[in-house]
Amino acid sequence: NRDYYLAHGVNKDRLFHMPYAVDNHFFSQSSQHYDHEMRDAFGLEEDRPVILFLGKLSKRKNPGLLINACQLMNRQRARNPYLLIVGSGEEEPKLHEIAANLNWVKFLGFRNQSELPAIYSLADVFVMPSYAEPWGLAVNEAMASGTAVISTIDCGCSKDLIDDAVGRVVPANDRFALARAIEEVLADEEKCSAMGRAAHKRIASWSFAEDLKGLKEAIRVVAAVPNST
């Protein structure tokens, strides 16, 4: 948005930083309350990593592409991961059909907001494979939970939040690039964990506190402008 307004001639002194944020504290609970019982309930072996998709099962969110990418990738190099799909939507029947014979895909259905921190805690990497995604707040949630993230260049959050220190950004609708990115992130357990820690640190300053600071500064500047009437 900053680049857009600057490109249209808005003076930089009239722009104030108010990041698109979530309740970081709520989601950071996930890194402190890892739920082994939940992992057992979902049938997830402890020594295998977890890829997480969480969102509406719609065409734009592109969960089918993620399943395809997980089929294409070198699963041994990625340490034989599970794919958890959380959410509901019009693509759900199609996704179940695609994954019918894939025992590493787990569908958890729609989950209440209160359950999400525990679910994020299960994930080694969160993937948002969307196209034409205005932002992607689930990325904020995953980062606040201390999870490495992969998104596409079509996700609005990618430019501001994601680089190789916290995960990967790949072209939209490219299942081969997505497969390579997942392999790279999961191949080394220590590096994957370090990405999660870096993600948690980065999103800490992308918060409601920053929103309030930006809003107060904007009000202060506007209030100081003489009344032209």
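Look up a bit, the structure's there.
One structure accompanies this document, and this report is about it.

Here we come to the overall build of the protein chain. From N to C terminus, the protein chain includes eleven helices and six strands. For a compact globule of 229 residues, the expected C-alpha radius of gyration is about 17 Å, and the protein chain comes in at 19 Å, within 12% of that figure. Per-residue burial over the protein chain gives 46% buried out of 229 residues. Sequence-distant contacts, at least 24 apart, represent 69% of the contacts inside the protein chain between residues at least 6 apart. As displayed, the protein chain offers around 12,100 Å² of accessible surface, 51% of which is attributable to carbon and sulfur atoms.

The terminal C-alpha atoms of helix 10 (residues 189–203) lie 21 Å apart, and with 15 residues this matches the ideal 21 Å at 1.5 Å per residue to within 8%. Every buried residue of helix 10 is accounted for by Cys 192, Met 195, Gly 196, Ala 199 and Ile 203. Buried residues of helix 10, seen end-on, are gathered within an arc of 100 degrees and therefore sit on one face of the element. Facing away from the buried surface of helix 10 by more than 90 degrees, the exposed residues are Glu 190, Lys 191, Arg 197 and Lys 201. Of the residues flanking the start of helix 10, the one acting as N-cap is Asp 188, its side-chain oxygen 3.0 Å from the backbone nitrogen of Glu 190.

Here we come to the packing of helix 7 (residues 137–144) against helix 10. The contact between helix 7 and helix 10 brings their axes to 7 Å, and the two run at 115 degrees. Taken as axis vectors, helix 7 and helix 10 run roughly perpendicular relative to one another. Counted together, Asn 140, Met 143 and Ala 144 of helix 7 and Ala 199, His 200, Arg 202 and Ile 203 of helix 10 form the full contact between these two elements. Residues belonging to the contact of helix 7 with helix 10 are distributed by class as follows: four nonpolar, two polar and one charged.

The rules behind each value
- Residues numbered from 1 in each chain as written.
- Predicted model: local features only at pLDDT ≥ 70, side-chain atom pairs only at ≥ 80, totals over all residues.
- Heavy atoms only, no water.
- Helix = DSSP H or I, 4+ residues; strand = E, 2+ residues; numbered from the N terminus.
- Rg over C-alpha atoms; globule rule 2.2 N^0.38 Å.
- Buried < 20%, exposed > 50% of the residue type's maximum accessible area, 1.4 Å probe, protein only.
- Contact = heavy atoms within 4.5 Å.
- Areas by Shrake-Rupley, 256 points an atom, 1.4 Å probe, with all protein chains shown as cover.
- Expected span 1.5 Å × (residues − 1).
- Arc of directions from axis to C-beta.
- Polar contact = N/O pair within 3.5 Å; in protein donor to acceptor, adjacent residues only side chain to side chain.
- Axes fitted to C-alpha atoms, helices over the stretch in contact; angles between N-to-C directions.
- Parallel < 35°, antiparallel > 145°, perpendicular 65-115°, else oblique.
- Nonpolar A, V, L, I, M, F, W, Y, C, P; charged D, E, K, R; others polar.

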